[in-house]
Amino acid sequence: MLVSNSDRAARLHYMANGFRVLTPGDHVTCAVSGARIALEDLRYWEVTGQRAFVSATIASEALAPR
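Quick caveat, the model's predicted, so the values are computed rather than measured.

Residues Ala-10, Leu-12, Tyr-14, Val-28, Cys-30, Ile-37, Leu-39, Leu-42, Ala-52, Phe-53, Ile-58 and Ala-59 constitute the largest nonpolar core, which totals 12 residues. Contributing elements (two or more residues each) for this core: strand S1 (11-15), strand S6 (51-53) and helix H1 (56-63).

Okay, structure coming up:
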């Protein structure tokens, strides 16, 4: 029986120039909005906090100094 990664959250390790898949899946969840991000659309993340963001705007707001 084949196991599909469809509709399953992936667990990733975020690095400076990419990410490594730790647990297979087809998406991750935005740390701020909770939106699903397909792995092929994932462009914004934080290495130190190991968090994904759905857009540049959300990432900038989340990472702005307080």
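This next bit is on the packing of aromatic side chains. Applying the stated rule across the entire model yields 2 aromatic pairs. The rings of Tyr-14, Phe-19 and Trp-45 are connected pair by pair, giving a single aromatic cluster.

Assignment of secondary structure puts Ser-33 in the loop between strand S3 (27-29) and strand S4 (36-38). For Ser-33, a relative accessible area of 42% puts it in the partly exposed group. Sequence-wise, Ser-33 and Val-54 are 21 residues apart; in three dimensions their C-alpha atoms are separated by 7.7 Å. Non-local contacts of Ser-33, meaning those with residues more than four positions away in its chain, are made with Val-54 and Ile-58. Of note is the side chain of Ser-33, whose polar atom sits 3.2 Å from the backbone nitrogen of Ala-35.

Criteria and cut-off values
Residues numbered from 1 in each chain as written. Predicted model: local features only at pLDDT ≥ 70, side-chain atom pairs only at ≥ 80, totals over all residues. Heavy atoms only, no water. Core = buried A, V, L, I, M, F, W, Y, C linked by side-chain atoms within 4.5 Å. Buried < 20%, exposed > 50% of the residue type's maximum accessible area, 1.4 Å probe, protein only. Helix = DSSP H or I, 4+ residues; strand = E, 2+ residues; numbered from the N terminus. Phe/Tyr/Trp six-rings, centres within 6.5 Å; stacked < 30°, edge-to-face > 60°. Contact = heavy atoms within 4.5 Å. Polar contact = N/O pair within 3.5 Å; in protein donor to acceptor, adjacent residues only side chain to side chain.

The values reported here are purely geometric and, on their own, carry no functional implication.
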